[in-house]
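Each chain, written out:
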Amino acid sequence: MGASGRMGQMLVRLVDDSAETTLAAVVERAGHDWLGRDLGQAMGGAAHGLVVTDDVDGALAQSDVVIDFTTPAVSVALAHRAAAAGVAHVIGTTGFSDEDLAAIAQAGQTGRIVRAGNMSLGVNLLVKLTRQVAAALGTEYDIEIVEAHHRHKVDAPSGTALMLGEAAAAGRGVALDAVADRARDGITGARAQGAIGFHAIRGGDYIGEHDVIFAGEGERIVLRHVASDRALFARGAVRAAIWAQSAAPGEYSMLDVLGL
Ligand SMILES: NC(=O)C1=CN([C@@H]2O[C@H](COP(=O)(O)OP(=O)(O)OC[C@H]3O[C@@H](n4cnc5c(N)ncnc54)[C@H](OP(=O)(O)O)[C@@H]3O)[C@@H](O)[C@H]2O)C=CC1
Ligand SMILES: O=C(O)C1=N[C@H](C(=O)O)C[C@H](O)C1
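Residues numbered from 1 in each chain as written. Chains lettered and ligands numbered in written order. Predicted model: local features only at pLDDT ≥ 70, side-chain atom pairs only at ≥ 80, totals over all residues. Heavy atoms only, no water.

If you look the protein chain up in an unreviewed UniProt entry, it shows as 4-hydroxy-tetrahydrodipicolinate reductase from Roseinatronobacter thiooxidans. According to UniProt, the comment filed for the protein chain under the heading Function (unreviewed entry) is "Catalyzes the conversion of 4-hydroxy-tetrahydrodipicolinate (HTPA) to tetrahydrodipicolinate." According to its UniProt record, the protein chain has this under Sequence similarities (unreviewed entry): "Belongs to the DapB family." (UniProt positions renumbered as here; feature names shortened; annotations may be inferred.)

Here it is as structure tokens:
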């Protein structure tokens, strides 16, 4: 789903190159200029043999799993269509509202869904570490999450930053919504003890960088992940797609896939 996108094109190459996977169909939005064209030629290379389509249900009928890095509205609708078709759904999309997440959870009652704001092993390990460090340190250590992404990214904080924030809040035994501080500007007053701050840098070609800072008196601990190749996320998504084949209905995360 979203074959022409930054992640979509990465996934096409990876699925084609893997001995464990076969690309069954490629979908783009109605009106897209790739529709009706050979996929390989649309990507600027040799003919592939698959034609890009906007027929979602036709594509699902030919597939065991759909990998989806698109937009929240597309992913929410697809979660229900994939569940109805008995097709597993790997969701990499970020920027969901609470209502979107509830709708995806509902689809996960009958469908098999793996959803993660970051599909990399390193970030999911960082999620575990963040929870541990937050649990070990008291609220005298201020938690700030700083993320940097390319200029085209449309959502903030990033899905990864929110995963890290959720982990930090869980480590402290609080709800993220109760402590998140997502926008500081002007005379904000002093920092509230226990707040978890979020900061988003957007520019150039950053692929994705995340720091979780625990700032105390006389010391700072910084947990950092730097993605230097987008293929990292695609590899995680393909791993999730294979894992989902043997999963029972439910909504899973990459922690489940990776056994973390
Ligand atoms: N979980 C993870 O590990 C990662 C998650 N992401 C997330 O994945 C999402 C996509 O990122 P990225 O690839 O950079 O974004 P892009 O904008 O490059 O790709 C999104 C693609 O989805 C297509 N699309 C839009 N609407 C539809 C539709 N109705 N049907 C089919 N395709 C559609 C877009 O087409 P068009 O442009 O023509 O509208 C575009 O090709 C973002 O939410 C991002 O945050 C990204 C990297 C890693
Ligand atoms: O939009 C991106 O590019 C990325 N999005 C994900 C996010 O929102 O965290 C994952 C990765 O950082 C790249």
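This is not the end of the story, as more comes after the structure.
Undergrad: Explain helix H7 (residues 159-172) here, please?
TA: Side chains that are three or four residues apart share a direction in an α-helix, a result of its 3.6 residues per turn. The end-to-end C-alpha distance of H7, which contains 14 residues, comes to 20 Å, matching closely the 20 Å that a straight helix rising 1.5 Å per residue would cover. Of all the 14 residues making up H7, eleven are buried; the element is thus mostly covered by neighbouring parts of the structure. For H7, the complete set of buried residues consists of Gly-159, Thr-160, Ala-161, Met-163, Leu-164, Gly-165, Ala-167, Ala-168, Ala-169, Gly-171 and Arg-172. Where H7 is buried, its residues touch helix H6 (121-136), strand E4 (142-149), helix H8 (176-179), strand E6 (196-202) and strand E7 (208-215). Gly-173 sits one or two residues past H7 and shows a positive phi near 70°. (Helix = DSSP H or I, 4+ residues; strand = E, 2+ residues; numbered from the N terminus. Expected span 1.5 Å × (residues − 1). Buried < 20%, exposed > 50% of the residue type's maximum accessible area, 1.4 Å probe, protein only. Contact = heavy atoms within 4.5 Å.)

Undergrad: Explanation requested: the site of ligand 1 in the structure shown.
TA: Residues in contact with ligand 1 amount to 22 residues; listed here are only the nearest, Arg-6, Glu-28, Arg-29, Thr-94 and Lys-153. Gly-5 is positioned with one of its backbone polar atoms (N or O) 3.1 Å from an oxygen atom of ligand 1. When ligand 1 is considered free in solution it has 920 Å² of accessible area, and contact with the protein chains removes 79% of it. A class-by-class count of the residues in the shell around ligand 1 yields seven nonpolar, ten polar and five charged. (Near = heavy atom within 4 Å. Polar contact = N/O pair within 3.5 Å; in protein donor to acceptor, adjacent residues only side chain to side chain. Areas by Shrake-Rupley, 256 points an atom, 1.4 Å probe, with all protein chains shown as cover. Nonpolar A, V, L, I, M, F, W, Y, C, P; charged D, E, K, R; others polar.)

Undergrad: Would you mind showing me how to read the packing of aromatic side chains here?
TA: Two measures describe an aromatic ring pair: the distance that separates the ring centres and the angle between the ring planes. Counted according to the given criterion, the structure contains one aromatic pair. With 4.9 Å between their ring centres and 80° between their planes, Trp-243 and Tyr-252 make a pair best called edge-to-face. Residue classification places Trp-243 among the partly exposed residues on the basis of a relative accessible area of 26%. (Phe/Tyr/Trp six-rings, centres within 6.5 Å; stacked < 30°, edge-to-face > 60°.)

Undergrad: Would you explain the sheet that holds strand E3 (residues 112-115) in this entry?
TA: Sheet strands pair via backbone hydrogen bonds, and the direction of the pair is either parallel or antiparallel. Read from one edge to the other, the open sheet built from four strands follows the order E1-E2-E3-E9, with strand pairing classed as parallel. For this open sheet the edge positions go to strand E1 (65-68) and strand E9 (250-252), each flanked by a neighbour on one side alone. If you compare each strand with its neighbour and ignore which way they point, the axes differ by 15° on average. Relative to strand E2 (residues 88-91), E1 runs parallel, the two being bridged by four bridges. When the sheet's bridge partners are listed, Val-66 is paired in E2 with His-89. Strands in contact with helix H5 (residues 98-107) are E2, E3 and E9; relative to E3, the strand with the most contacts, it is inclined by about 145°. (Pairing = 2+ DSSP bridges. Axes fitted to C-alpha atoms, helices over the stretch in contact; angles between N-to-C directions.)

Undergrad: How should I be thinking about the UniProt feature "binding site: NADP(+)" (unreviewed entry) in the protein chain in this particular structure?
TA: As recorded in UniProt, the feature "binding site: NADP(+)" (unreviewed entry) lies at Arg-29. The residue Arg-29 is located in the loop between helix H1 (6-17) and helix H2 (39-42) in this model. Setting aside its immediate chain neighbours within four residues, Arg-29 contacts Leu-35 and Asp-54.

Undergrad: Looking at this model, I keep getting lost on the pattern of salt bridges. Mind explaining?
TA: Side chains that differ in sign of charge can pair as their charged atoms come close. By the definition in use, this model includes nine salt bridges. Arg-191 is the partner of Asp-142 in a salt bridge, and the nearest nitrogen-oxygen pair spans 3.3 Å. Of this pair, Asp-142 sits in strand E4 while Arg-191 sits in the loop between strand E5 (180-181) and E6, and the two are 49 residues apart along the sequence. Overall, Arg-191 belongs to the partly exposed group, its relative accessible area being 28%. Among the salt bridges present, the one from Glu-147 reaches Arg-202, with a minimum N-O distance of 2.6 Å. (Salt bridge = Lys/Arg side-chain N within 4 Å of Asp/Glu carboxyl O.)

Undergrad: Whenever I open this one, the sheet that holds E6 confuses me. Can you help?
TA: The strand order across the open sheet formed by five strands is E5-E6-E4-E7-E8, and the pairing between neighbours is mixed. Since the sheet does not close on itself, it has two edges, and those belong to E5 and strand E8 (220-227), each with one partner. As paired strands, E7 and E8 are joined by eight bridges and run antiparallel to one another. Looking at the pairing, His-210 lines up with His-225 of E8. Against the sheet, H6 makes contact with E4, E7 and E8, and its axis sits at roughly 165° relative to E8, the strand it touches most.

Undergrad: Please clarify how the side chain of His-32 should be interpreted in this entry.
TA: Mapped onto the secondary structure, His-32 falls in the loop between H1 and H2. Looking at His-32, the relative accessible area reads 13%, which means it is buried. A distance of 3.0 Å separates a polar atom in the side chain of His-32 from the backbone nitrogen of Trp-34.

Undergrad: How should I be thinking about a negative patch on the surface in this particular structure?
TA: Taken together, Asp-98, Glu-99, Glu-166 and Asp-177 make up a surface patch of like negative charges. In this fold, Glu-166 is placed in helix H7. (Patch = residues over 30% accessible without salt bridge, like charges linked within 9 Å, V, L, I, M, F, W, Y side chains within 5 Å. Lys, Arg positive; Asp, Glu negative; His and termini not counted. Charge placed at Lys NZ, Arg CZ, Asp CG, Glu CD.)

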